[in-house]
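Chain and residue survey
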Amino acid sequence: MSGSLSPVELPATPPFVLRGRLLTPLVAGGTRHELDALVAVDPAGGITFAGPRADRPDLADAAIDVRPWVLLPGMVDLHAHLPQLPNAGLGAGMDLLAWLERYIFPLELDFDAAVAERVAPAAWRAFASAGTTTALVYGAVYEASLDVMFQAAETHGIRAIVGKVMMDRNTYDLTIDPSTILDRSLAESARLIERWHGAADDRLRYAVTPRFAISCTAELLRESAALARSTGAYWQTHVSEDPGEIAEVARLFPEAADYVDVYDRAGGLGERTVLAHAVHLSDRELVRLVESGSRVAHCPISNLFLASGVMPLGRYLDAGLTLGLGSDVAGGPDLSIFSVMRVGFYAQNARRVAGIGEGPVLGPLDWLRLGSLGGAMSLGLGDRIGSLEAGKEADLIAVDPAYVAPIPGAVDEEAKDLASRLIFRAHPDMVRAAWVRGRRLEGPGSRD
Ligand SMILES: [Zn+2]
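The present account deals with the structure reproduced in this document. (Residues numbered from 1 in each chain as written. Predicted model: local features only at pLDDT ≥ 70, side-chain atom pairs only at ≥ 80, totals over all residues. Heavy atoms only, no water.)

So, empty space enclosed by the protein
One water molecule sets the probe size; rolling that probe over the atoms shows where empty space is left. The test is simple: Buried and open spaces are told apart on a 1 Å grid over the protein atoms alone, a cavity being a set of points where a 1.4 Å probe fits but cannot get out and a pocket being an open set with protein on both sides within 12 Å along at least five of seven lines. Residues with an atom within 4 Å of a point are the lining residues. Grid points are joined across faces, edges and corners, and a volume is the space filled by probe spheres set on the points. Elements are defined by DSSP. Helices are runs of H or I of four residues or more, strands are runs of E of two residues or more, and each kind is numbered from the N terminus. In this classification, the charged set is Asp, Glu, Lys and Arg, the nonpolar set is Ala, Val, Leu, Ile, Met, Phe, Trp, Tyr, Cys and Pro, and all remaining amino acids, among them Gly, are polar.
Considering all chains together, one arrives at three cavities of 30 Å³ or more under this definition. Along its surface, the largest cavity is lined by His81, Gln84, Leu96, Trp99, Leu100, Arg211, Phe212, His238, Glu241, His277, Asp328 and Gly331. When residues of the lining of the largest cavity are assigned to their parent elements, the largest contribution, three residues, is made by helix α2 (residues 96-109). Tallied by class, the residues present in the lining of the largest cavity amount to four nonpolar, five polar and three charged.

Here's what the structure looks like:
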(Lines give C-alpha, C1' and ligand atoms only; values in the text may rest on other atoms or scores of the structure.)
Protein backbone atom coordinates (compact mmCIF):
# COMPACT_ATOMS: atom_id res chain seq x y z
CA MET A 1 0.00 0.00 0.00
CA SER A 2 2.81 2.36 0.83
CA GLY A 3 4.03 1.85 -2.73
CA SER A 4 1.16 4.00 -3.93
CA LEU A 5 2.67 6.95 -2.07
CA SER A 6 5.69 8.98 -2.87
CA PRO A 7 8.31 7.93 -0.34
CA VAL A 8 8.62 10.31 2.56
CA GLU A 9 11.39 10.86 5.02
CA LEU A 10 9.70 10.55 8.37
CA PRO A 11 11.28 12.56 11.16
CA ALA A 12 12.75 10.50 13.98
CA THR A 13 13.22 13.30 16.50
CA PRO A 14 11.83 16.79 17.07
CA PRO A 15 11.66 19.52 15.91
CA PHE A 16 9.67 18.96 12.73
CA VAL A 17 6.57 20.03 10.85
CA LEU A 18 4.24 17.50 9.21
CA ARG A 19 1.79 18.30 6.45
CA GLY A 20 -1.14 15.90 6.27
CA ARG A 21 -4.82 15.51 6.89
CA LEU A 22 -5.74 16.24 10.51
CA LEU A 23 -8.43 14.51 12.56
CA THR A 24 -8.53 15.03 16.30
CA PRO A 25 -10.99 15.43 19.14
CA LEU A 26 -10.69 18.73 20.99
CA VAL A 27 -10.50 19.19 24.75
CA ALA A 28 -13.18 21.88 24.55
CA GLY A 29 -15.50 19.42 22.76
CA GLY A 30 -16.09 18.50 19.14
CA THR A 31 -13.60 17.48 16.48
CA ARG A 32 -11.08 19.30 14.34
CA HIS A 33 -10.82 18.04 10.78
CA GLU A 34 -8.61 19.67 8.15
CA LEU A 35 -7.95 18.18 4.73
CA ASP A 36 -4.68 20.10 4.43
CA ALA A 37 -3.10 20.74 7.81
CA LEU A 38 0.20 21.29 9.52
CA VAL A 39 1.33 19.86 12.85
CA ALA A 40 4.43 21.64 14.19
CA VAL A 41 6.52 20.08 16.93
CA ASP A 42 9.16 22.01 18.89
CA PRO A 43 12.58 20.67 19.99
CA ALA A 44 11.13 19.55 23.34
CA GLY A 45 8.47 17.44 21.62
CA GLY A 46 5.59 19.84 22.24
CA ILE A 47 2.94 20.78 19.68
CA THR A 48 3.17 24.46 18.76
CA PHE A 49 0.59 24.38 16.00
CA ALA A 50 -2.06 21.96 14.71
CA GLY A 51 -4.43 23.45 12.18
CA PRO A 52 -5.04 24.49 8.61
CA ARG A 53 -1.97 24.95 6.47
CA ALA A 54 -3.38 28.18 5.11
CA ASP A 55 -3.10 29.74 8.59
CA ARG A 56 0.66 29.27 8.82
CA PRO A 57 2.39 29.91 5.48
CA ASP A 58 5.60 30.54 7.45
CA LEU A 59 5.73 26.86 8.46
CA ALA A 60 4.75 25.40 5.11
CA ASP A 61 8.19 25.39 3.50
CA ALA A 62 9.75 23.26 6.23
CA ALA A 63 6.89 20.77 6.31
CA ILE A 64 7.34 17.09 5.48
CA ASP A 65 4.41 16.18 3.29
CA VAL A 66 2.79 12.88 4.31
CA ARG A 67 -0.50 13.37 2.50
CA PRO A 68 -2.77 11.52 1.99
CA TRP A 69 -1.94 10.12 5.40
CA VAL A 70 -4.08 11.23 8.31
CA LEU A 71 -2.57 12.64 11.50
CA LEU A 72 -4.41 11.57 14.64
CA PRO A 73 -3.61 11.58 18.35
CA GLY A 74 -2.01 8.35 19.49
CA MET A 75 -4.49 5.94 21.01
CA VAL A 76 -4.56 5.22 24.75
CA ASP A 77 -4.91 1.59 25.82
CA LEU A 78 -6.27 1.76 29.34
CA HIS A 79 -5.98 -1.94 30.11
CA ALA A 80 -3.68 -4.70 28.84
CA HIS A 81 -1.54 -7.53 30.22
CA LEU A 82 1.85 -7.49 28.53
CA PRO A 83 2.98 -10.99 29.63
CA GLN A 84 -0.20 -12.42 28.09
CA LEU A 85 0.41 -11.04 24.59
CA PRO A 86 1.89 -14.34 23.29
CA ASN A 87 -1.46 -15.94 24.13
CA ALA A 88 -3.55 -13.41 22.17
CA GLY A 89 -6.34 -15.12 20.25
CA LEU A 90 -6.29 -18.38 22.19
CA GLY A 91 -8.85 -19.77 24.61
CA ALA A 92 -12.09 -18.83 22.87
CA GLY A 93 -15.18 -20.29 24.46
CA MET A 94 -13.98 -20.40 28.08
CA ASP A 95 -15.26 -18.35 30.97
CA LEU A 96 -12.98 -16.04 32.92
CA LEU A 97 -11.91 -18.19 35.86
CA ALA A 98 -11.35 -21.34 33.78
CA TRP A 99 -9.45 -19.33 31.14
CA LEU A 100 -7.16 -17.82 33.80
CA GLU A 101 -6.29 -21.26 35.16
CA ARG A 102 -5.82 -22.92 31.79
CA TYR A 103 -4.09 -20.26 29.69
CA ILE A 104 -3.02 -17.26 31.69
CA PHE A 105 -1.53 -18.30 35.00
CA PRO A 106 0.92 -20.76 33.35
CA LEU A 107 2.07 -17.98 31.01
CA GLU A 108 2.60 -15.46 33.82
CA LEU A 109 4.33 -18.09 35.94
CA ASP A 110 6.98 -18.31 33.23
CA PHE A 111 7.36 -14.55 32.90
CA ASP A 112 10.74 -14.10 34.54
CA ALA A 113 13.35 -11.54 33.51
CA ALA A 114 14.68 -13.72 30.68
CA VAL A 115 11.26 -14.17 29.10
CA ALA A 116 10.55 -10.47 29.61
CA GLU A 117 13.75 -9.62 27.71
CA ARG A 118 12.35 -11.47 24.72
CA VAL A 119 8.70 -10.43 24.95
CA ALA A 120 8.66 -6.84 26.24
CA PRO A 121 10.51 -5.02 23.40
CA ALA A 122 8.37 -6.83 20.82
CA ALA A 123 5.23 -6.03 22.80
CA TRP A 124 5.94 -2.29 22.91
CA ARG A 125 6.55 -2.34 19.16
CA ALA A 126 3.25 -4.18 18.71
CA PHE A 127 1.40 -1.51 20.71
CA ALA A 128 2.92 1.21 18.52
CA SER A 129 2.08 -0.73 15.35
CA ALA A 130 -1.55 -0.78 16.49
CA GLY A 131 -1.49 3.01 16.92
CA THR A 132 -1.25 3.00 20.71
CA THR A 133 1.18 5.55 22.14
CA THR A 134 0.13 5.29 25.80
CA ALA A 135 -0.57 2.02 27.57
CA LEU A 136 -1.59 1.18 31.12
CA VAL A 137 -0.49 -2.42 31.57
CA TYR A 138 -0.12 -5.24 34.05
CA GLY A 139 3.05 -7.27 34.36
CA ALA A 140 3.40 -10.57 36.20
CA VAL A 141 4.28 -11.03 39.88
CA TYR A 142 8.09 -10.92 39.45
CA GLU A 143 9.94 -7.72 40.28
CA ALA A 144 12.88 -8.36 37.94
CA SER A 145 10.58 -8.85 34.96
CA LEU A 146 8.99 -5.47 35.73
CA ASP A 147 12.39 -3.79 35.56
CA VAL A 148 12.85 -5.36 32.13
CA MET A 149 9.43 -4.12 30.98
CA PHE A 150 10.21 -0.58 32.13
CA GLN A 151 13.70 -0.63 30.59
CA ALA A 152 12.23 -1.81 27.30
CA ALA A 153 9.63 0.98 27.38
CA GLU A 154 12.31 3.53 28.22
CA THR A 155 14.33 2.45 25.19
CA HIS A 156 11.37 2.10 22.86
CA GLY A 157 9.89 5.49 23.62
CA ILE A 158 6.26 4.54 24.30
CA ARG A 159 4.42 6.24 27.17
CA ALA A 160 3.75 3.46 29.64
CA ILE A 161 2.22 3.00 33.06
CA VAL A 162 3.10 -0.40 34.38
CA GLY A 163 2.54 -2.39 37.55
CA LYS A 164 3.68 -5.60 39.16
CA VAL A 165 0.71 -7.88 39.73
CA MET A 166 0.00 -8.41 43.44
CA MET A 167 -1.67 -11.64 44.60
CA ASP A 168 -1.55 -12.97 48.14
CA ARG A 169 -4.03 -15.78 47.67
CA ASN A 170 -5.19 -17.91 44.74
CA THR A 171 -1.87 -17.09 43.15
CA TYR A 172 0.11 -19.05 40.60
CA ASP A 173 3.55 -19.18 42.18
CA LEU A 174 3.21 -21.73 44.97
CA THR A 175 6.94 -21.52 45.78
CA ILE A 176 6.48 -18.16 47.51
CA ASP A 177 5.81 -18.71 51.23
CA PRO A 178 2.22 -17.49 51.81
CA SER A 179 3.13 -15.95 55.17
CA THR A 180 5.69 -13.64 53.51
CA ILE A 181 3.86 -12.80 50.33
CA LEU A 182 2.04 -9.65 51.49
CA ASP A 183 5.13 -7.89 52.84
CA ARG A 184 7.22 -9.06 49.94
CA SER A 185 4.77 -7.87 47.31
CA LEU A 186 4.44 -4.46 48.98
CA ALA A 187 8.20 -4.04 49.31
CA GLU A 188 8.78 -5.01 45.67
CA SER A 189 6.09 -2.60 44.50
CA ALA A 190 7.56 0.20 46.62
CA ARG A 191 11.03 -0.37 45.14
CA LEU A 192 9.64 -0.36 41.60
CA ILE A 193 7.82 2.91 42.32
CA GLU A 194 11.05 4.44 43.53
CA ARG A 195 12.91 3.36 40.41
CA TRP A 196 10.30 3.99 37.75
CA HIS A 197 7.42 6.27 38.79
CA GLY A 198 8.09 9.49 36.89
CA ALA A 199 11.13 8.10 35.04
CA ALA A 200 12.14 9.19 31.53
CA ASP A 201 10.97 12.72 32.28
CA ASP A 202 7.61 11.42 33.53
CA ARG A 203 6.97 9.35 30.38
CA LEU A 204 6.95 6.24 32.58
CA ARG A 205 4.75 5.88 35.63
CA TYR A 206 3.83 3.18 38.09
CA ALA A 207 0.46 1.62 38.84
CA VAL A 208 0.08 -0.37 42.05
CA THR A 209 -1.66 -3.48 40.73
CA PRO A 210 -3.58 -5.88 42.96
CA ARG A 211 -4.90 -8.37 40.40
CA PHE A 212 -8.52 -8.56 41.55
CA ALA A 213 -10.42 -9.22 44.75
CA ILE A 214 -10.33 -13.01 44.35
CA SER A 215 -6.52 -13.01 44.42
CA CYS A 216 -6.13 -10.43 47.18
CA THR A 217 -6.89 -10.36 50.88
CA ALA A 218 -8.56 -7.29 52.34
CA GLU A 219 -5.22 -6.45 53.92
CA LEU A 220 -3.36 -6.48 50.62
CA LEU A 221 -6.04 -4.33 49.00
CA ARG A 222 -5.82 -1.84 51.87
CA GLU A 223 -2.03 -1.71 52.01
CA SER A 224 -1.67 -1.46 48.24
CA ALA A 225 -4.13 1.45 48.12
CA ALA A 226 -2.19 3.18 50.90
CA LEU A 227 1.04 2.69 48.97
CA ALA A 228 -0.46 4.24 45.85
CA ARG A 229 -1.82 7.18 47.83
CA SER A 230 1.42 7.90 49.64
CA THR A 231 3.54 7.80 46.46
CA GLY A 232 1.17 9.37 43.91
CA ALA A 233 1.20 6.19 41.85
CA TYR A 234 -1.94 4.89 40.14
CA TRP A 235 -3.95 2.00 41.54
CA GLN A 236 -5.41 -0.46 39.03
CA THR A 237 -7.39 -3.66 39.34
CA HIS A 238 -10.36 -5.48 37.80
CA VAL A 239 -13.99 -5.15 38.89
CA SER A 240 -17.32 -6.78 38.07
CA GLU A 241 -16.21 -8.57 34.91
CA ASP A 242 -18.00 -11.90 34.98
CA PRO A 243 -20.96 -13.38 36.93
CA GLY A 244 -18.89 -16.30 38.26
CA GLU A 245 -16.21 -13.90 39.48
CA ILE A 246 -18.78 -11.61 41.12
CA ALA A 247 -20.31 -14.53 43.03
CA GLU A 248 -16.88 -15.62 44.25
CA VAL A 249 -16.05 -12.10 45.45
CA ALA A 250 -19.34 -12.00 47.36
CA ARG A 251 -18.39 -15.29 49.03
CA LEU A 252 -14.88 -14.09 49.94
CA PHE A 253 -15.98 -10.66 51.22
CA PRO A 254 -19.32 -11.24 53.00
CA GLU A 255 -18.93 -7.97 54.90
CA ALA A 256 -18.91 -5.88 51.69
CA ALA A 257 -22.14 -4.51 50.21
CA ASP A 258 -21.01 -5.41 46.68
CA TYR A 259 -17.89 -5.73 44.51
CA VAL A 260 -17.13 -1.98 44.35
CA ASP A 261 -17.53 -1.82 48.13
CA VAL A 262 -14.66 -4.30 48.52
CA TYR A 263 -12.33 -1.72 46.95
CA ASP A 264 -14.08 1.22 48.62
CA ARG A 265 -13.47 -0.30 52.08
CA ALA A 266 -9.81 -0.73 51.14
CA GLY A 267 -9.51 2.97 50.29
CA GLY A 268 -8.95 2.08 46.65
CA LEU A 269 -11.37 4.44 44.93
CA GLY A 270 -10.32 7.85 43.58
CA GLU A 271 -9.06 9.82 40.61
CA ARG A 272 -5.86 7.80 40.31
CA THR A 273 -7.78 4.52 40.19
CA VAL A 274 -8.48 2.67 36.95
CA LEU A 275 -10.85 -0.29 37.19
CA ALA A 276 -11.05 -2.64 34.23
CA HIS A 277 -14.37 -3.94 32.90
CA ALA A 278 -17.11 -2.84 35.36
CA VAL A 279 -19.62 -4.67 33.17
CA HIS A 280 -22.31 -5.48 35.74
CA LEU A 281 -22.47 -2.49 38.11
CA SER A 282 -25.50 -1.85 40.29
CA ASP A 283 -26.79 1.72 40.53
CA ARG A 284 -25.13 2.00 43.95
CA GLU A 285 -21.78 0.89 42.58
CA LEU A 286 -22.03 3.26 39.62
CA VAL A 287 -22.79 6.20 41.89
CA ARG A 288 -19.82 5.38 44.14
CA LEU A 289 -17.43 5.22 41.17
CA VAL A 290 -18.68 8.56 39.86
CA GLU A 291 -18.64 10.25 43.31
CA SER A 292 -15.13 9.05 44.02
CA GLY A 293 -13.82 10.09 40.61
CA SER A 294 -12.68 6.53 39.82
CA ARG A 295 -11.97 5.69 36.18
CA VAL A 296 -13.08 2.67 34.17
CA ALA A 297 -11.35 0.86 31.31
CA HIS A 298 -14.04 -0.39 28.93
CA CYS A 299 -12.86 -3.60 27.20
CA PRO A 300 -15.67 -4.74 24.89
CA ILE A 301 -13.63 -7.23 22.86
CA SER A 302 -12.50 -9.06 25.97
CA ASN A 303 -16.00 -8.94 27.44
CA LEU A 304 -17.38 -10.77 24.40
CA PHE A 305 -14.40 -13.10 23.90
CA LEU A 306 -14.86 -14.42 27.45
CA ALA A 307 -18.66 -14.04 27.36
CA SER A 308 -18.51 -11.77 30.40
CA GLY A 309 -21.32 -9.45 29.33
CA VAL A 310 -22.03 -6.18 27.53
CA MET A 311 -21.43 -2.98 29.48
CA PRO A 312 -24.44 -0.61 29.64
CA LEU A 313 -22.24 2.17 28.29
CA GLY A 314 -25.01 4.71 27.75
CA ARG A 315 -26.16 4.41 31.36
CA TYR A 316 -22.60 4.90 32.63
CA LEU A 317 -21.94 7.92 30.44
CA ASP A 318 -25.25 9.47 31.49
CA ALA A 319 -24.15 9.03 35.11
CA GLY A 320 -20.96 10.98 34.37
CA LEU A 321 -18.44 8.13 34.63
CA THR A 322 -14.98 8.91 33.21
CA LEU A 323 -13.84 6.08 30.98
CA GLY A 324 -11.54 5.06 28.17
CA LEU A 325 -10.95 1.92 26.12
CA GLY A 326 -8.78 -1.09 26.79
CA SER A 327 -7.69 -4.03 24.65
CA ASP A 328 -7.32 -6.29 27.71
CA VAL A 329 -4.88 -8.41 25.74
CA ALA A 330 -5.01 -11.36 26.05
CA GLY A 331 -8.61 -11.45 27.33
CA GLY A 332 -9.04 -9.51 24.13
CA PRO A 333 -7.23 -11.00 21.11
CA ASP A 334 -6.47 -7.66 19.42
CA LEU A 335 -4.17 -4.82 20.54
CA SER A 336 -5.82 -2.31 18.21
CA ILE A 337 -7.92 0.31 19.97
CA PHE A 338 -9.62 0.90 16.60
CA SER A 339 -10.79 -2.73 16.77
CA VAL A 340 -11.94 -2.14 20.34
CA MET A 341 -14.07 0.77 19.08
CA ARG A 342 -15.60 -1.42 16.37
CA VAL A 343 -16.56 -4.24 18.70
CA GLY A 344 -17.73 -1.74 21.30
CA PHE A 345 -20.08 -0.22 18.74
CA TYR A 346 -21.43 -3.63 17.70
CA ALA A 347 -21.90 -4.64 21.33
CA GLN A 348 -23.94 -1.51 22.06
CA ASN A 349 -26.05 -2.24 18.97
CA ALA A 350 -26.62 -5.74 20.34
CA ARG A 351 -28.07 -4.14 23.49
CA ARG A 352 -30.43 -2.15 21.29
CA VAL A 353 -31.44 -5.24 19.33
CA ALA A 354 -32.17 -6.95 22.65
CA GLY A 355 -34.32 -3.99 23.68
CA ILE A 356 -32.01 -2.88 26.50
CA GLY A 357 -30.13 -0.05 24.79
CA GLU A 358 -29.93 3.23 26.67
CA GLY A 359 -28.67 6.74 25.93
CA PRO A 360 -27.79 8.18 22.53
CA VAL A 361 -26.05 6.05 19.89
CA LEU A 362 -22.33 6.86 19.90
CA GLY A 363 -21.03 7.58 16.40
CA PRO A 364 -17.52 6.98 15.00
CA LEU A 365 -16.20 10.35 16.20
CA ASP A 366 -17.48 9.64 19.72
CA TRP A 367 -15.65 6.30 19.75
CA LEU A 368 -12.50 7.92 18.40
CA ARG A 369 -12.70 10.42 21.26
CA LEU A 370 -13.09 7.65 23.85
CA GLY A 371 -10.06 5.81 22.47
CA SER A 372 -7.76 8.83 22.61
CA LEU A 373 -8.86 11.76 24.77
CA GLY A 374 -11.12 9.59 26.95
CA GLY A 375 -8.18 7.40 27.87
CA ALA A 376 -5.93 10.41 28.45
CA MET A 377 -8.48 12.04 30.76
CA SER A 378 -8.93 8.77 32.63
CA LEU A 379 -5.20 8.90 33.39
CA GLY A 380 -5.32 12.55 34.43
CA LEU A 381 -3.29 13.36 31.30
CA GLY A 382 -6.02 15.16 29.35
CA ASP A 383 -4.03 18.40 29.44
CA ARG A 384 -0.94 16.72 27.93
CA ILE A 385 -2.00 14.05 25.44
CA GLY A 386 -5.07 12.55 23.74
CA SER A 387 -5.62 15.26 21.13
CA LEU A 388 -3.51 17.26 18.68
CA GLU A 389 -3.66 20.83 19.96
CA ALA A 390 -1.06 23.52 20.56
CA GLY A 391 0.43 23.24 24.03
CA LYS A 392 0.15 19.47 24.19
CA GLU A 393 2.89 16.89 23.85
CA ALA A 394 3.33 15.43 20.36
CA ASP A 395 1.96 11.91 20.86
CA LEU A 396 0.56 11.24 17.41
CA ILE A 397 0.12 8.66 14.70
CA ALA A 398 -0.05 8.76 10.90
CA VAL A 399 -2.57 6.46 9.24
CA ASP A 400 -2.75 5.60 5.53
CA PRO A 401 -6.45 5.71 4.58
CA ALA A 402 -5.74 3.63 1.48
CA TYR A 403 -5.69 0.57 3.75
CA VAL A 404 -9.32 1.11 4.73
CA ALA A 405 -10.77 2.24 1.40
CA PRO A 406 -13.29 -0.28 0.01
CA ILE A 407 -12.29 0.58 -3.55
CA PRO A 408 -8.81 1.83 -4.47
CA GLY A 409 -8.78 5.58 -4.80
CA ALA A 410 -12.00 6.18 -2.85
CA VAL A 411 -11.64 9.20 -0.56
CA ASP A 412 -13.87 10.16 2.37
CA GLU A 413 -14.18 13.92 2.57
CA GLU A 414 -16.20 13.97 5.81
CA ALA A 415 -14.58 13.51 9.20
CA LYS A 416 -17.22 11.09 10.41
CA ASP A 417 -16.86 8.96 7.28
CA LEU A 418 -13.10 8.78 7.62
CA ALA A 419 -13.42 7.82 11.30
CA SER A 420 -16.00 5.22 10.36
CA ARG A 421 -13.63 3.56 7.85
CA LEU A 422 -10.77 3.57 10.36
CA ILE A 423 -12.98 1.83 12.92
CA PHE A 424 -15.08 -0.55 10.84
CA ARG A 425 -12.38 -1.44 8.33
CA ALA A 426 -9.37 -1.15 10.63
CA HIS A 427 -6.33 -2.82 9.05
CA PRO A 428 -3.34 -4.15 11.04
CA ASP A 429 -0.90 -2.20 8.83
CA MET A 430 -2.81 1.08 8.45
CA VAL A 431 -0.77 2.89 11.11
CA ARG A 432 2.36 3.98 9.25
CA ALA A 433 4.13 5.94 11.98
CA ALA A 434 3.81 6.85 15.64
CA TRP A 435 5.57 9.44 17.77
CA VAL A 436 5.69 10.15 21.51
CA ARG A 437 6.89 13.66 22.40
CA GLY A 438 7.96 13.93 18.78
CA ARG A 439 10.22 10.91 18.94
CA ARG A 440 9.31 8.21 16.42
CA LEU A 441 8.52 4.76 17.76
CA GLU A 442 9.67 1.50 16.25
CA GLY A 443 6.88 -0.83 15.16
CA PRO A 444 4.63 0.75 12.53
CA GLY A 445 5.50 -0.41 9.04
CA SER A 446 7.74 -3.21 10.28
CA ARG A 447 5.67 -5.92 8.58
CA ASP A 448 6.06 -4.40 5.09
ZN1 LIG B 1 -7.42 -7.68 32.52
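Some details on the coordination of the zinc ion
Rule in force here: As a rule, N, O and S atoms within 2.8 Å of a metal are its donors, except that Na, K and Ca use 3.2 Å; water is not among the atoms, so sites may look incomplete. In this scheme the shape depends on donor count and angles: four donors with every angle between 85 and 135 degrees give tetrahedral, four or six donors with opposite pairs above 155 degrees and others between 65 and 115 give square planar or octahedral in turn, and any other case is irregular. For the exposure calls, accessible area comes from a 1.4 Å probe over protein chains only, and a residue counts as buried if that area is under 20% of its type's maximum, exposed if over 50%, partly exposed in between.
Protein-derived coordination of the zinc ion comes from His79 (NE2), His81 (NE2), His238 (NE2) and Asp328 (OD), at a distance range of 2.1 to 2.4 Å. Geometry at the zinc ion is irregular, judged from the four donor atoms that bind it and their angles of 83 to 170° at the metal. When the donors of the zinc ion are listed by position in the chain, the intervening gaps give H-x1-H-x156-H-x89-D. Linking histidine 79 in strand β5 (residues 75-81) with aspartate 328 in the loop between β13 (322-325) and α13 (337-353), this pair joins segments that are 249 residues apart in sequence. For the pair shown, histidine 79 and aspartate 328 are each scored as buried.

Overview of the nonpolar core
Nonpolar side chains in soluble globular proteins tend to be buried together. Rules: Throughout this description, the term nonpolar core refers to a set of buried Ala, Val, Leu, Ile, Met, Phe, Trp, Tyr and Cys residues connected via side-chain atoms within 4.5 Å. Whether two residues are in contact is decided by their heavy atoms: any pair within 4.5 Å suffices.
Trp124 and Tyr263 are the most contacted members of the largest nonpolar core, which has 111 residues in total. Of the residues forming this core, the biggest block, seven residues, is contributed by helix α3 (residues 113-129). With residues up to four places along the chain from it excluded, the contact list for tryptophan 124 reads Leu82, Ala135, Val137, Met149, Ala152, Ala153, His156, Ile158, Ala160 and Val162.

What to know about unusual backbone geometry
With an omega of 5°, the peptide bond between proline 14 and proline 15 qualifies as cis. By the secondary structure assignment, proline 15 is in the segment before β1 (16-25). Looking along the chain, the bond that leaves valine 329 and enters alanine 330 is cis, with omega of 10°. When you line up the elements, alanine 330 lands in the loop between β13 and α13.

Observations regarding the packing of helix α4 (residues 143-156) against helix α5 (residues 181-196)
Our working rule: Axes, fitted as lines to C-alpha atoms, cover a helix only where it is in contact. Angles between the N-to-C directions of the axes lie from 0 to 180 degrees. When an angle is under 35 degrees it counts as roughly parallel; over 145 it counts as roughly antiparallel; between 65 and 115 it counts as roughly perpendicular; any other value is oblique. Helix crossings are classified by the rotation of the near helix relative to the far one: an anticlockwise turn of less than a right angle makes the crossing left-handed, while a clockwise turn makes it right-handed.
The contact between α4 and α5 brings their axes to 10 Å, and the two run at 20°. Relative to α5, α4 is oriented roughly parallel. Our pair here, α4 against α5, has a crossing hand that is right-handed. Across the interface between the two elements, Glu143, Leu146, Asp147, Phe150, Gln151 and Glu154 of α4 pack against Glu188, Arg191, Leu192, Arg195 and Trp196 of α5. Along the lines of polarity and charge, the residues of the contact of α4 with α5 split into four nonpolar, one polar and six charged.

Observations concerning α13
Heads up, the condition is: Expected helix span is computed as 1.5 Å times (number of residues minus one). In the analysis that follows, any N or O atom pair within 3.5 Å is treated as a polar contact, provided that within protein one partner can donate a hydrogen and the other can accept it, and provided that, for residues neighboring in sequence, both atoms belong to side chains.
Relative to the 24 Å expected for 17 residues at 1.5 Å per residue, α13 spans 24 Å between its end C-alpha atoms, a close match to the ideal helical length. Where burial is concerned, most of α13 is hidden: 12 out of the 17 residues are buried. The N-terminus of α13 is capped by serine 336, whose side-chain oxygen sits 3.1 Å from the backbone nitrogen of phenylalanine 338. Where α13 ends, the next residue or the one after it, glycine 355, has phi of about 80°, a positive value.

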